[in-house]
Amino acid sequence: MAAIACDLDGTLIGQDGILRQRTREAITAARQAGIAVFIATGRMFASARPYALEAGLEGPIVCYQGALISEARSGKTLRHQPIDHKLAHEAITAIAAE
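These numbers were taken from a predicted model, which means no experiment stands behind them.

Enquirer: Help me out: how do you make sense of the nonpolar core in this one?
Expert: Most often, soluble globular proteins keep nonpolar side chains buried together rather than apart. Leu-8, Leu-12, Ile-39, Leu-57 and Ile-61 are the most contacted members of the largest nonpolar core, which has 19 residues in total. The set of elements that each furnish at least two residues to this core consists of helix H1 (21-32), strand E2 (36-40), helix H2 (45-54) and strand E3 (60-63). Top contributing element to this core by residue count: H2, with four residues. Ignoring sequence-local partners within four residues, the contact set of Leu-8 consists of Ile-13, Ile-39, Thr-41, Arg-43, Ala-48 and Tyr-51.

Enquirer: What exactly am I supposed to notice about the sheet that holds strand E4 (residues 68-71) here?
Expert: Two pairing modes exist for strands in a sheet, parallel and antiparallel, and in both the strands are linked by backbone hydrogen bonds. Across the sheet, which stays open at both edges, the five strands sit in the order E1-E2-E3-E4-E5 with mixed pairing between neighbours. Here the strands that pair on one side only, and so sit at the sheet edges, are strand E1 (3-6) and strand E5 (77-80). Between one strand axis and the next, the sheet turns through 20° on average, direction left out of account. Bridge analysis of E2 against E3 gives two bridges, and the strand direction is parallel. If you follow Ala-40 over to E3, its bridge partner there is Val-62. Sheet strands in contact with H2 are E2, E3 and E4, and its direction is about 145° off that of E3.

Enquirer: So what exactly am I meant to see when it comes to H1 here?
Expert: Owing to its 3.6 residues per turn, the α-helix brings residues three or four apart onto one side. Given a rise of 1.5 Å per residue, 12 residues ought to cover 16 Å, and the 16 Å separating the end C-alpha atoms of H1 matches this to within 8%. What H1 keeps buried is the set Thr-23, Ile-27 and Ala-30. Around the axis of H1, the buried residues are gathered within 65° of arc, so they sit on the same side. Among the exposed residues of H1, those pointing more than 90 degrees away from its buried face are Arg-22 and Gln-32.

Definitions and cut-offs
Note on numbering: residues in each chain are counted from 1, in written sequence order. The model is predicted, so local features are restricted to residues of pLDDT at least 70 and side-chain atom pairs to those at 80 or more, both for listing and for counting; the totals for chains, interfaces and linings are taken over all residues. Excluding hydrogens and water, the side-chain values take into account all heavy atoms of the structure. The set of buried Ala, Val, Leu, Ile, Met, Phe, Trp, Tyr and Cys residues whose side-chain atoms join them within 4.5 Å is what this entry labels a nonpolar core. When accessible area is computed with a 1.4 Å probe and restricted to protein chains, residues below 20% of their type maximum are described as buried, those above 50% as exposed, and intermediate ones as partly exposed. Note on conventions: DSSP H or I runs of at least 4 residues are helices, E runs of at least 2 residues are strands, and numbering of each starts at the N terminus. Here, two residues are considered to be in contact whenever any of their heavy atoms come within 4.5 Å of each other. Paired strands, in this sense, are two strands between which DSSP finds at least two bridges. To get an axis, fit a line to the C-alpha atoms, keeping to the stretch in contact for a helix; angles then go from 0 to 180 degrees between the N-to-C directions. By definition here, a helix of n residues has an expected span of 1.5 Å times n minus one. Here the arc refers to the directions that run from the helix axis out to each C-beta atom.

Take a look at the structure:
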């Protein structure tokens, strides 16, 4: 099965945060051609979900650079791989020290 993974910011939406009709039509055309379309973004699920639903996408949304995958329509979490707290603390400390 063919698939297209699209980022939100600067790809599906511009700086104004608007999902244009032309973009929605392109997504619909791809889906009608049998191509699965989904969003892959660094955003949190709650921020990405409205755009997916507006675009007519009900399947998975990949969020947090892959750390969370949830279904757009149901909100069901399919995969969640958070960073270990100790590792996160070490990374923050290292960045703050620079």
